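A look at the structure
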Amino acid sequence: MATTDSPTYDALCFLPFRDDCPQPSIPNVDDAMEAALRQEIDMQGMLTFAAIESFIAYGDGLFTKGNKNAFSTEFLPGMQARRQYYPWDLDSGFSNTSWDIYAGGPGQPSKRLFQTDILGHPWFNQEYRNIYQDLINGPLSQSSLTAFLDQLEPILTPYIAEDPNLSSDFSGVRSYFASRIPNVQGQIGTVVRPPVFSREGGEFISGYALSLAHSNTAGTVYYTTDGSDPRGIGGSL
């Protein structure tokens, strides 16, 4: 990650990214963080990263242990690409099925600033919960994980049997997921679901009526036609 000549580095001149420059003043810190992060970082990717760390109860990562075992990539100005975060490694044992998806991690919370500042942010917390719900409904669902393990088990089982250092098999992983998924779902709670289009994409003939709808019990759909976010910084419309 660039440290001297990156526009993103210069823009993110506040905690948890940097502590060598003046910090935004209260009560505007949430708005300042939201504006900068939405502009400079792929937040969907970053919050997905946070969800994966917490799902496997990984206590040595970007969110769970204060900016550890992660790296990021940045792009030249004009490429219309935001900073992206990736795990350095994810070696973890599956054991803690009740790990807190918002505050889990070793040591003091004050050392986990990515977790406290970003997951504790009112808007990014809601986005995190929505991303997590989509994961639990999709690739981290019981059916998806079971199907993946069913493919992996016959391939790895002979090698596991030959390794004297391994004391567990796939039954332990299956048991972990069976307990972890409902625990995470309970922590996510009820989320406000995003709107959906009547058509995902592709070519449209002249006169096609594209519609937007949502599955919540109440609410209004706001939209723009230029790709910008209809919701202003701090939640204004």
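So, here's what we can say about the structure. This is a predicted model, so every value here is computed, not measured.

1. Looking at the pattern of salt bridges
The full count for this structure, using the stated rule, is six salt bridges. In this structure, E153 and R174 form a salt bridge, with 2.7 Å as the shortest nitrogen-oxygen distance. Pair noted here: E153 is in helix α6 (residues 142-162) and R174 is in helix α7 (residues 170-188), with a separation of 21 residues, a long-range link. We classify R174 as partly exposed; its relative accessible area is 24%. Members of the salt-bridge network, linked through shared partners, are D150, E153 and R174.

2. What about the packing of aromatic side chains?
Inspection of every chain in the model, using the stated rule, returns twelve aromatic pairs. Geometrically, the ring pair formed by F14 and F17 is edge-to-face, given 5.9 Å between the ring centres and 85 degrees between the ring planes. A single burial state applies to F14 and to F17, both of which are buried. Ring geometry for Y102 versus Y128: centroids 6.0 Å apart, planes at 70 degrees, classification edge-to-face. Within this pair, whereas Y102 is found in the loop between β2 (84-87) and α4 (113-119), its partner Y128 is found in helix α5 (residues 122-137), the two being separated by 26 residues in sequence. Note on Y102: relative accessible area 23%, which makes it partly exposed. For the cation-ring pair, R199 lies above Y208, with the distance from its terminal atom to the ring centre recorded as 5.7 Å.

3. Things to note about the nonpolar core
General note: in soluble globular proteins, nonpolar side chains tend to be found buried as a group. Membership of the largest hydrophobic core comes to 42 residues, with the highest contact counts inside it found for F17, L37, M46, F55, I118 and Y132. Leaving out residues up to four positions away in the same chain, F55 has contacts with Y132, I136, L140, L145, Y176, F177, R180, I181 and V184.

4. Description of the side chain of E40
Residue position: E40 is located in helix α2 (residues 29-40). Buried and unpaired, E40 has R82 as its nearest opposite-charge partner, separated by 7.4 Å. Here the side chain of E40 touches T8 through a polar contact of 3.2 Å, side chain to side chain.

5. Quick notes on the environment of Y208
Along the chain, Y208 turns up in the loop between β3 (196-197) and β4 (212-213). Excluding residues that lie within four positions of it along the chain, Y208 makes contacts with S198 and R199.

6. With respect to the packing of α6 against α7
One can describe the packing of α6 onto α7 by two numbers: an axis separation of 10 Å at closest approach and a directional angle of 165 degrees. One finds that α6 runs roughly antiparallel with respect to α7. Once α6 is placed against α7, the crossing between them reads as right-handed. From α6, Q142, L145, T146, L149, D150, L152, E153, L156, T157 and I160 reach across to α7, where they touch F170, V173, R174, F177, A178 and I181. Grouping the amino acids of the contact of α6 with α7 by side-chain chemistry returns ten nonpolar, three polar and three charged.

Conventions used here
- Residues numbered from 1 in each chain as written.
- Predicted model: local features only at pLDDT ≥ 70, side-chain atom pairs only at ≥ 80, totals over all residues.
- Heavy atoms only, no water.
- Salt bridge = Lys/Arg side-chain N within 4 Å of Asp/Glu carboxyl O.
- Helix = DSSP H or I, 4+ residues; strand = E, 2+ residues; numbered from the N terminus.
- Buried < 20%, exposed > 50% of the residue type's maximum accessible area, 1.4 Å probe, protein only.
- Phe/Tyr/Trp six-rings, centres within 6.5 Å; stacked < 30°, edge-to-face > 60°.
- Lys NZ or Arg CZ within 6 Å of the ring centre and 35° of its normal.
- Core = buried A, V, L, I, M, F, W, Y, C linked by side-chain atoms within 4.5 Å.
- Contact = heavy atoms within 4.5 Å.
- Lys, Arg positive; Asp, Glu negative; His and termini not counted.
- Polar contact = N/O pair within 3.5 Å; in protein donor to acceptor, adjacent residues only side chain to side chain.
- Axes fitted to C-alpha atoms, helices over the stretch in contact; angles between N-to-C directions.
- Parallel < 35°, antiparallel > 145°, perpendicular 65-115°, else oblique.
- Left-handed = near helix turned anticlockwise from the far one by under 90°.
- Nonpolar A, V, L, I, M, F, W, Y, C, P; charged D, E, K, R; others polar.

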